[in-house]
Amino acid sequence: MLPFARITIIGIGLIGSSVARATRKAMPTARITAYDADPAVRETVRALDLADDVADTAGASVIDADFVILCVPVGAMGAVAAEFADDLPGDAIVSDVGSCKGSVLAALTEALPGATIIPAHPVAGTERSGPEAGFATLFQKRWCIVTPPEGADALAVERVAEFWRRLGADVELMAPDHHDRVLAVTSHLPHLIAYTIVGTASDLEEVTQSEVIKYSAGGFRDFTRIAASDPTMWRDVFLTNREAVLEMLQRFSEDLSQLQRAIRWGKGDELFDLFSRTRTIRRSIIDQGQDDAREDFGRNHEG
Ligand code: NAP
């Protein structure tokens, strides 16, 4: 049996359009209704035939839904939920795909008192945005972390988990606050570092912009992919997961200072030990199927 039969997706960007495409493939008999605040996006959704219905308001999109999944930036979750609160059927389950969970759960609970809210975060994405950027296999063999509030209805949690399994994801349950600390280390801090490095390199006066681009294969290029991620999404992530990010940033600054000292005092053994440890971490990510094992991320070096 399908976990849901009438699915509403709100926010049809990279993630929302991927959810639509993957749902069509995995659950072809489920009816998909889409809504996006941007009329141009709604037109694209119609042109690409990503949904059975495209609504012109958030309220109209949820009217007979049994599952509503919010795929808007985390800072917009509360406002969009307030827009459809009066039209939400009493037995519908509301979820989202936001990259931070504590703040989203709080915003949705405030906007939708009494509703069944089971937040989730598919740990999958690219640096692209918009409805054309999505694809049906985005969630295949990726983790989806479901973060139910304390005391959540077990059947509702299982239906949301089953939805993600059908889209190809491996599901893990986690408390919202724990999720935010884990993702602060594995995703939010790396993005902050990439934004900093790319910004610093482009500001350096003694190195020209053209040299930075010309010799980017030395490492810089791999940071630029992360630093090209959507500015709205990442602004919201840092503002809403502030506490956990600041805590991890403090730890990172201390470790960076230690490295600085090791370089200054010529402590080669210390550097070698750290770099050996990090190489092992890279190996275990590949062994667990979370990245491409091919050299240089599978880039083609022929010709
Ligand atoms: P995206 O491509 O920019 O799509 C977001 C869409 O939501 C846009 O079409 C946007 O329209 C629309 N929107 C914004 N505010 C709205 C509102 N109040 N009502 C209705 N629609 C609204 O972003 P995305 O990358 O798919 O990210 C969406 C969510 O997924 C975010 O919460 C993000 O944290 C989460 N996520 C992202 C990734 C990733 O790698 N990208 C991975 C996992 C989870 P406008 O363009 O007009 O603003």
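Each value, and the rule that gives it
- Counting restarts for each chain, with residues numbered from 1 along the sequence as it is written.
- Only residues with pLDDT of 70 or above have their local features reported here, since the model is predicted, and side-chain atom pairs are shown and tallied only from 80 upward, although totals for entire chains, interfaces and linings are computed over all residues.
- Each side-chain value is derived from all of the structure's non-hydrogen atoms; neither hydrogens nor water enter the calculation.
- Within this document, salt bridges are pairs made up of a side-chain nitrogen of Lys or Arg and a carboxyl oxygen of Asp or Glu, the two lying within 4 Å of each other.
- A run of H or I in DSSP counts as a helix once it spans at least four residues, and a run of E counts as a strand once it spans at least two, with each numbered from the N terminus.
- Three labels apply to residues, based on accessible area from a 1.4 Å probe with only protein chains included: buried if under 20% of the type maximum, exposed if over 50%, partly exposed otherwise in between.

Counting across every chain of the model gives 17 salt bridges. A salt bridge links Asp53 to Arg31; its shortest N-O distance comes to 3.5 Å. Here Asp53 is found in strand E3 (residues 53-54), whereas its partner Arg31 is found in strand E2 (residues 31-35), with 22 residues between them in sequence. Across the pair Arg225 and Glu127 runs a salt bridge whose closest N-O atoms are separated by 3.3 Å. Of the two residues, Arg225 sits in helix H9 (residues 220-227) while Glu127 sits in the loop between strand E7 (120-122) and strand E8 (143-146), which places them 98 residues apart along the sequence.

Here we come to the environment of Cys100. As for its placement among the helices and strands, Cys100 is situated in the loop between strand E5 (93-96) and helix H5 (102-111). Residue Cys100 is classed as buried on the basis of its relative accessible area of 1%. Sequence-wise, Cys100 and Leu249 are 149 residues apart; in three dimensions their C-alpha atoms are separated by 16 Å.

Its identity is not glycine, yet Asp49 carries a phi of approximately 55°, on the positive side. By the secondary structure assignment, Asp49 is in the loop between helix H2 (39-48) and E3. Here Asp49 falls in the partly exposed class, since its relative accessible area comes to 48%. A positive phi angle is found at Lys141, which is not glycine, with a value near 60°. The exposure class of Lys141 is exposed, given its relative accessible area of 59%.

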